[in-house]
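Below are the chains, spelled out letter by letter.
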Amino acid sequence: MSKDFFSIVLGTVQDGGYPHIGSSNPEQKEYFQESKIKEKITSLGIVDKIENKSFLIDATPHLPYQLNQLSEHSSNPLSGILVTHVHWGHIGGLGWLSREGLNHGRFKIFSSYENISIIRKYCDIFEFKTNISFEKVKEGNIFNLTENITATAVKVPHRAKGDTFGYVLSGNRKIGYFPDCDNITSWKDDFLNILQEVDVFYLDGTFWNKAELPNRKIESVPHPSIEDVIEDLKDLNQGLKSKLKFTHLNQTNPLLNKSSIEFKKLRENHFNLAEDGEVVPL
Ligand SMILES: [Zn+2]
Ligand SMILES: [Zn+2]
């Protein structure tokens with residue numbers, strides 16, 4: 001198995017972070033008091049050691065930590081960012097690359113035409129180097145990140161402005177990365193086809209179930225609930241189930257606690273969680 005091309009999980013929680021902004025939960029308050037980021041916002045790093053290139057999927061507000069983590073695997077500071085969509089947790093970290101931060105240039109930002117026009121407005125507010133290139137990607141496009149690694153953009157339903165993509169990364173092996181979507185039912189055929197073809201499939205696991213947000217209408221924050229996904233996919237074979245790793249966990253998700261009965265249920269049903277720092281060969 002190649003050690004030259006791989007992905008690395010750089011964060012596993014929903015856009016609000018963990019501790020989550022505004023939380024009054026005593027355990028989370030303790031992390032704030034210690035200025036400790038317990039779990040970083042969902043992101044995936046991609047490394048090609050042969051070409052010495054590295055990429056991020058999404059630019060989260062925890063980008064400085066994620067870039068540092070990536071630099072332990074690749075001496076190249078950052079060749080490009082694939083943006084899934086333009087919600088805060090997925091583009092809010094771009095500012096770190098501006099003149100006041102890393103002052104980074106000569107890198108590419110990949111996303112849809114509509115998303116790029118929104119991202120350009122963000123870049124216009126702050127001062128960025130002018131040698132950033134914007135690569136417009138259409139649904140279904142297969143594009144090269146390096147000679148050895150390609151990405152395919154897959155459009156999924158999600159309430160964000162612009163488009164929401166998941167990406168299928170392909171080297172010697174394949175990885176699916178779908179951190180945000182409203183559901184899996186309205187793209188179930190595509191979902192199942194991708195699950196068949198990939199070795200690992202990272203999926204939106206924001207909520208364990210719909211009871212987690214008693215003070216907010218769950219319809220206003222649509223995500224597939226993990227409990228429903230387990231039920232929906234119960235007839236799949238164990239091999240397919242074990243490819244699925246949930247990420248983008250909300251602060252309310254009981255799976256954040258590995259001693260929970262929910263975590264036990266997840267594992268008994270052969271599904272998994274994404275782990276920060278986990279490396280998957282491509
Ligand atoms: Zn998100
Ligand atoms: Zn989102």
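The coordinates are above.
Residues numbered from 1 in each chain as written. Chains lettered and ligands numbered in written order. Predicted model: local features only at pLDDT ≥ 70, side-chain atom pairs only at ≥ 80, totals over all residues.

Comments concerning helix H2 (residues 63-71)
Condition: Backbone-placed C-beta atoms define the burial measure: a residue is buried with 20 or more other C-beta atoms within 10 Å of its own, exposed with 12 or fewer, and partly exposed in between. Strands are runs of DSSP state E lasting at least 2 residues, helices are runs of H or I lasting at least 4, and numbering of each runs from the N terminus. As used here, the arc belongs to the directions running from the helix axis to the C-beta atoms. Contacts are defined on C-beta atoms placed from the backbone: any two residues whose C-beta positions lie within 7 Å are in contact.
Within H2, burial applies to Leu63, Gln66, Leu67 and Leu70. Seen along its axis, H2 keeps its buried residues to an arc of 100°; they face one direction. Looking at the buried residues of H2, the elements they touch are strand S1 (5-11), strand S2 (43-48) and strand S3 (53-57).

A look at the pairing of S3
To keep things clear, this is the line we draw: At least two bridges found by DSSP between two strands is the condition for calling them paired.
Counting buried residues along S3, 5 of its 5 residues qualify, which places the element largely inside the surrounding structure. Of the two faces of S3, the one holding Lys53, Phe55 and Ile57 and the one holding Ser54 and Leu56 are both buried throughout. When S2 meets S3, the two strands line up antiparallel, connected through 5 bridges. Note that in S3 the partner of Asp48 across the bridge is Lys53. Connecting the antiparallel pair S2 and S3 is a turn made up of 4 residues, with Asn52 showing a positive phi of about 55°. Pairing of S3 with strand S4 (residues 80-82), which is carried by 3 bridges, proceeds in the parallel orientation.

A closer look at the sheet that holds S4
Note the threshold: Here an axis means a line fitted to C-alpha atoms, over the contact stretch when the element is a helix, while the angle between two N-to-C directions is reported on a 0 to 180 degree scale.
Here we have 7 strands laid out as an open sheet, ordered S6-S5-S4-S3-S2-S1-S14, and mixed in their pairing. Each edge of the sheet is formed by a strand with only one pairing partner; in this case those strands are strand S6 (133-136) and strand S14 (279-281). In this sheet, neighbouring strand axes are inclined to one another by 20° on average, regardless of whether the strands run parallel or antiparallel. Two strands pair when backbone bridges link them, and strand S5 (residues 108-111) and S6 are joined in this way by 4 bridges, in the parallel orientation. Its bridge partner lying in S6, Lys108 is registered against Ser133. Along the sheet, H2 contacts S1, S2 and S3; its crossing angle with S1, the most-contacted strand, is approximately 150°.

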